[in-house]
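Working through the structure, step by step
Residue-level listing of the chains:
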Amino acid sequence: MIELPEAIVIARQMDATLKGKQIVSGDRGNTPHKFAFANGTSEDYAAIFAGQTVGGSTAHGMSILTEIGADHTLVLGCGGERISFHTDERTLPKKHQLFVHFADGGYLTVTISGWGNTFLLPRAEVGQHPHVQQERITPLDDAFTWDYFQALFAPLPPDSKTSLKYFIVSEPGLWGLGNGCLQDILFHARLHPRRKAVATSEAERRALYDSVRATLRQMVDQGGRNDEVDLYGQPGGYRRILHSKSVGQPCPNCGAPFEKEQYLGGSIYFCPTCQVN
Ligand SMILES: [Zn+2]
């Protein structure tokens, strides 16, 4: 699943590779399905793509925004989109849910595993789209300061049941983070996903703030996480500490075996010793 680090990495690659390309044709691919969320028919997409020039690409949160002509923006990300650039048609995937053919012979495809998004929106609507929410501050923005982060805890009542997982991925939420990046961020902060947010000390909040920034920066600098691939099909260089295959493996800090539980609609992985609950 694409989260903030992959959105940044892929947006940079799309900006460098696709900007200025002329589009011959584009549509919703050869296998549209109901978990490939879109905002129009394949014919609608074809009419918008035909003859346009690709503009710049940027990331916001988990979304990748690519300008298509003067009036539209392609919005990818937030789900299981595999976004690929091809120079050789022999490398095209058999099934895809977005297909764009460029005048210079290249192709962009999006293949969705599980569910994902290929929105082609009027540009004026992009900032307000629920997946974009342009006004929200993301954790690698300059505005994501220690003061800003601390203030997120202020509305919690003393008896709040909000856990750190819920605090990070849902409400108030750190924009661009999901259940994937969450795991290593909490490991480095030595905090358990079930820990009540309101019960954390100032020192723990500072550790969490520092971990959010440092872990995400590392993920971006290393080209994303190693179980995600970039625009050219290359896996990221960030090796996750906590993931499905690390269950039972020894914690590098203390040697205790990593554990897994189901919590809030997804798996959580943690060290039962280091991560304070
Ligand atoms: Zn440990």
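Residues numbered from 1 in each chain as written. Predicted model: local features only at pLDDT ≥ 70, side-chain atom pairs only at ≥ 80, totals over all residues. Heavy atoms only, no water.

1. Focus: the overall build of the protein chain
If you tally the helices and strands in the protein chain, you get 7 helices and 11 strands. The C-alpha atoms of the protein chain give 20 Å as radius of gyration, which agrees with the globular expectation for 277 residues (19 Å, within 12%). Oriented by its inertia axes, the alpha-carbon framework of the protein chain measures out at about 55 × 40 × 30 Å. Sequence-distant contacts, at least 24 apart, represent 65% of the contacts inside the protein chain between residues at least 6 apart. Put simply, the protein chain shows about 12400 Å² of open surface, and 51% of that area lies on carbon and sulfur atoms. (Helix = DSSP H or I, 4+ residues; strand = E, 2+ residues; numbered from the N terminus. Rg over C-alpha atoms; globule rule 2.2 N^0.38 Å. Contact = heavy atoms within 4.5 Å. Areas by Shrake-Rupley, 256 points an atom, 1.4 Å probe, with all protein chains shown as cover.)

2. Let's talk about a nonpolar patch on the surface
A surface patch of nonpolar side chains, amounting to about 380 Å² of accessible area, comprises Met1, Phe35, Phe37 and Trp115. Mapped onto the elements of the fold, tryptophan 115 is located in the loop between strand 8 (107–112) and strand 9 (116–122). (Patch = residues over 30% accessible without salt bridge, like charges linked within 9 Å, V, L, I, M, F, W, Y side chains within 5 Å. Salt bridge = Lys/Arg side-chain N within 4 Å of Asp/Glu carboxyl O.)

3. Quick notes on the coordination of the zinc ion
For a metal bound by four donors in tetrahedral geometry, the ideal donor-metal-donor angle is 109.5 degrees, whereas six donors in octahedral geometry ideally sit at 90 or 180 degrees. Protein coordination at the zinc ion comes from Cys251 (SG), Cys254 (SG), Cys271 (SG) and Cys274 (SG), with a distance range of 2.3 to 2.4 Å. Each of the 4 donor atoms around the zinc ion contributes to a set of angles spanning 100 to 115°, which defines the coordination as tetrahedral. Counting residues between consecutive donors of the zinc ion along the chain gives the motif C-x2-C-x16-C-x2-C. Since its relative accessible area comes to 37%, cysteine 254 is described here as partly exposed. (Donors = N, O, S within 2.8 Å, 3.2 Å for Na, K, Ca; no water. Tetrahedral: all angles 85-135°; square planar, octahedral: opposite > 155°, others 65-115°. Buried < 20%, exposed > 50% of the residue type's maximum accessible area, 1.4 Å probe, protein only.)

4. Re the domain arrangement of the protein chain
Under the domain assignment, the protein chain is made up of domain 1 (4–126) and domain 2 (146–270). Taking only C-alpha atoms, the centre of domain 1 and the centre of domain 2 are 29 Å apart. Where domain 1 abuts domain 2, roughly 1500 Å² becomes buried across the two surfaces, and 65% of that area is made up of carbon and sulfur atoms. Per-residue buried area on domain 1 facing domain 2 is highest for Pro5, Glu6 and Gln13; these three make up 34% of the total on that side. (Domains from an automatic or database assignment. Buried area = accessible area lost by both parts, 1.4 Å probe.)

5. Quick notes on empty space enclosed by the protein
Where empty space is left can be seen by rolling a probe of water-molecule size over the atoms. Applying the stated criterion to the full structure yields 2 cavities of 30 Å³ or more. What the largest cavity holds in volume is close to 40 Å³. Considering the residues around the largest cavity, the lining is formed by Leu18, Ile23, Phe49, Val54, Thr66, Ile68, Leu74, Val100, Phe102 and Leu108. Breaking the lining of the largest cavity down by element, the ones donating at least two residues are strand 4 (63–68) and strand 7 (98–102). Looking at the lining of the largest cavity residue by residue, the classes come out as 9 nonpolar, 1 polar and no charged. Taken as a whole, the second largest cavity spans an internal volume of roughly 40 Å³. Surrounding the second largest cavity, Glu6, Val9, Ile10, Gly223, Gly224, Arg225, Glu228, Val229, Asp230 and Gly236 form its lining. Classifying every residue of the lining of the second largest cavity by side-chain character gives 3 nonpolar, 3 polar and 4 charged. Lining the lining of the second largest cavity are residues from two domains, each supplying at least three of them: domain 1 (4–126) and domain 2 (146–270). (1 Å grid on protein atoms, 1.4 Å probe; cavity = no way out; pocket = protein on both sides within 12 Å on 5 of 7 lines; lining within 4 Å. Points joined across faces, edges and corners; volume = space filled by probe spheres on them. Nonpolar A, V, L, I, M, F, W, Y, C, P; charged D, E, K, R; others polar.)

6. Description of helix 6 (residues 179–189)
For helix 6, a buried count of 9 out of 11 residues is recorded, marking the element as mostly surrounded by other parts of the structure. Those residues of helix 6 not exposed but buried are Gly180, Cys181, Leu182, Gln183, Asp184, Ile185, Leu186, Phe187 and Ala189. Its buried side turned inward, helix 6 meets helix 1 (4–18), helix 5 (164–169), helix 7 (202–221) and strand 11 (267–270). Two residues or fewer past helix 6, arginine 190 is found with a positive phi of approximately 60°.

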